[in-house]
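One letter stands for each residue in the lines below.
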Amino acid sequence: MDSRDLENINALLDQDVELRERIKEQVTELDKKTRTMTGLLNKIHSTPSAELPKLLDSVKPTLNSCSETTNAIAAIIPPNQFWRWKDMWSNSLRNVVFSAALIEYLSTGSLISIHRVEEILEVKEEQKDRFCLPPEDYLHGIISMVNELSRLAVNSVTLGNFEQPIRISVFVKDLFAGFSMLNLKNDTLRRRFDSLKYDLKKIEEVVYDVSLRKLAPSAHKTEESK
């Protein structure tokens, strides 16, 4: 092999190593933010309903600051190389979606859209060849939110909030119906979707127990009120 070719290859390898390290720095920063949000949001399981808005407000500044990091990543990635590097931050991005989705549900009772998450992260159209929010990462984050809601349904009863599990049940059933209509070909995503059945069953058991003891209105009445 020509020595000049070897030099060129070595130079390209060095560039890749340098780029990977720069990306890793930003991903580490994003991970710090997602851990902070997850830690704060974990308090929802022991926070009375009246104090929940204050808790959610304490998380939002960190969520909004994630755009600084994602924009820094977009600035580093060469044009048209998003898919080459995306695996480095996929898990971090899913955690951001999880936090955003959980905050949205607890604030408004609705599902956050993929476009709304992109707005929070300030994903720019002209940068989408370097950084964007893939649908599968969005869906992974939403599934993680449902996992957390199934836990919240149980803990809400402990806190004396007997209507919360019923509202969660109506929301998750609607979400499950939507997932059922998707053509999920990604094996990992498909397996995680299957786990929603267990979350739904867990929530329904809580709702059944609450309804049986007549501690709250029936799920049917709650759905009608929506």
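So, a few notes on the structure that sits alongside this text. Computed from a predicted structure; not experimentally measured. Here the residue index of a chain counts from 1 through its sequence in written order. Only residues with pLDDT of at least 70 get local features here, since the model is predicted, and only at 80 or more are side-chain atom pairs given and counted; chain-wide, interface and lining totals rely on the full set of residues. To obtain the side-chain values, all non-hydrogen atoms of the structure were used and water was disregarded.

## Concerning the overall build of the protein
Logical step 1: On a plain count of helices and strands, the protein comes out with nine helices and zero strands.
Logical step 2: Structurally, the protein occupies a C-alpha span of about 80 × 35 × 25 Å along its principal axes.
Logical step 3: By residue count, 42% of the 226 residues in the protein fall in the buried class.
Logical step 4: Contacts in the protein between residues far apart in sequence, at least 24 positions, make up 80% of those at least 6 positions apart.
Logical step 5: Total accessible area computed for the protein in this model is approximately 12500 Å², and 50% of it derives from carbon and sulfur atoms.
Logical step 6: We treat Lys and Arg as the positive residues and Asp and Glu as the negative residues; His and chain ends play no part in the count. In plain terms, the charge of a residue is placed at NZ if it is Lys, CZ if Arg, CG if Asp and CD if Glu. Here the protein contributes 31 positively and 34 negatively charged side chains, and the mean placements of these two sets differ by 6 Å. In this description a helix means any DSSP run of H or I spanning at least four residues, a strand means any run of E spanning at least two, and both kinds are numbered starting from the N terminus. For every residue, the accessible area (1.4 Å probe, protein chains only) is compared with the maximum for its type, and the residue is labelled buried under 20%, exposed over 50%, or partly exposed between those bounds. By definition in these notes, contact holds between two residues if any of their heavy atoms fall within 4.5 Å. Shrake-Rupley sampling with a 1.4 Å probe provides the accessible areas, and residues are treated as covered by the protein chains on show and by no other component.

## Thoughts on helix H1 (residues 3-41)
Logical step 1: For a helix, the expected span equals 1.5 Å multiplied by the number of residues minus one. The first and last C-alpha atoms of H1 sit 56 Å apart over 39 residues, in line with the 57 Å expected at 1.5 Å per residue.
Logical step 2: For H1, the complete set of buried residues consists of Leu19, Ile23, Val27, Leu30, Lys33, Thr34, Met37, Leu40 and Leu41.
Logical step 3: Here the buried face of H1 lies against helix H2 (52-76), helix H3 (82-85) and helix H4 (90-108).

## Side note on the environment of lysine 24
Logical step 1: Relative to the helices and strands, lysine 24 resides in helix H1.
Logical step 2: Lysine 24 sits 49 residues away from isoleucine 73 along the chain, and the two C-alpha atoms are 9.3 Å apart.

## Some points on the nonpolar core
Logical step 1: Judged by nonpolar contacts, the single largest core of 61 residues is most densely connected at Trp89, Ile142, Met145, Leu149 and Phe179.
Logical step 2: Among the elements of the structure, H1, H2, H3, H4, helix H5 (114-120), helix H6 (135-158), helix H7 (164-180) and helix H8 (187-212) are those that each provide at least two residues to this core.
Logical step 3: At 10 residues, H4 tops the list of elements feeding residues into this core. Residues belong to a common nonpolar core when they are buried Ala, Val, Leu, Ile, Met, Phe, Trp, Tyr or Cys residues joined through side-chain atoms within 4.5 Å.

## Regarding the side chain of asparagine 71
Logical step 1: Locating asparagine 71 in the fold gives a position in helix H2.
Logical step 2: Within 3.5 Å is the distance limit for a polar contact, defined as a pair of N or O atoms, with the added protein rule that one can donate a hydrogen and the other accept it, and that residues adjacent in sequence qualify only through two side-chain atoms. Looking at asparagine 71, its side chain comes within polar contact range of the side chain of lysine 124, at 3.4 Å.
Logical step 3: Filtering out sequence-adjacent residues up to four positions away, asparagine 71 remains in contact with Leu121, Glu122, Lys124 and Gln127.

## Some remarks on the side chain of threonine 47
Logical step 1: Residue placement: threonine 47 occurs in the loop between H1 and H2.
Logical step 2: Not counting the four nearest positions on each side in its chain, threonine 47 is found in contact with Leu52, Leu55 and Leu159.

## Quick word on the packing of aromatic side chains
Logical step 1: Side-chain rings of Phe, Tyr and Trp, where Trp is taken by its six-membered ring, are said to pair if the distance between their centres is within 6.5 Å; with planes under 30 degrees apart they count as stacked, over 60 as edge-to-face, and otherwise as tilted. Overall, the coordinates contain six aromatic pairs when judged by the stated rule.
Logical step 2: Ring geometry for tyrosine 105 and phenylalanine 171: centres 4.5 Å apart, planes at 35°, overall tilted. Linking tyrosine 105 in helix H4 with phenylalanine 171 in helix H7, this pair joins segments that are 66 residues apart in sequence. This pair shows no difference in class: tyrosine 105 is buried, exactly as phenylalanine 171 is.
Logical step 3: Seen in terms of ring centroids, phenylalanine 176 and phenylalanine 193 are 5.3 Å apart; in terms of plane orientation they differ by 20°. Their pairing is stacked. Of the two residues, phenylalanine 176 is situated in helix H7 and phenylalanine 193 in helix H8; the sequence distance between them amounts to 17 residues.
Logical step 4: A relative accessible area of 4% means that phenylalanine 193 is categorised as buried.
Logical step 5: Connected via pairs of aromatic rings, a cluster forms that spans Phe82, Trp83, Trp89 and Phe131.

## Some thoughts on the packing of H2 against H4
Logical step 1: Where helices are involved, their axes are fitted lines through C-alpha atoms of the stretch in contact, as for all axes, and angles between N-to-C directions lie from 0 to 180°. Viewed as axis vectors pointing N to C, H2 and H4 meet at an angle of 145°, and their least axial separation amounts to 10 Å. For the crossing formed where H2 meets H4, the hand is left-handed. Here Leu52, Leu56, Val59, Lys60, Leu63 and Cys66 of H2 lie close against H4, whose contacting residues are Val96, Ala100, Ile103, Leu106 and Ser107.
Logical step 2: Three categories are distinguished: nonpolar for Ala, Val, Leu, Ile, Met, Phe, Trp, Tyr, Cys and Pro, charged for Asp, Glu, Lys and Arg, and polar for the others, with Gly belonging to the last. A per-class count over the contact of H2 with H4 returns nine nonpolar, one polar and one charged. Whether a crossing is left-handed or right-handed is set by the direction in which the near helix is turned from the far one by less than a right angle, anticlockwise for left-handed and clockwise for right-handed.

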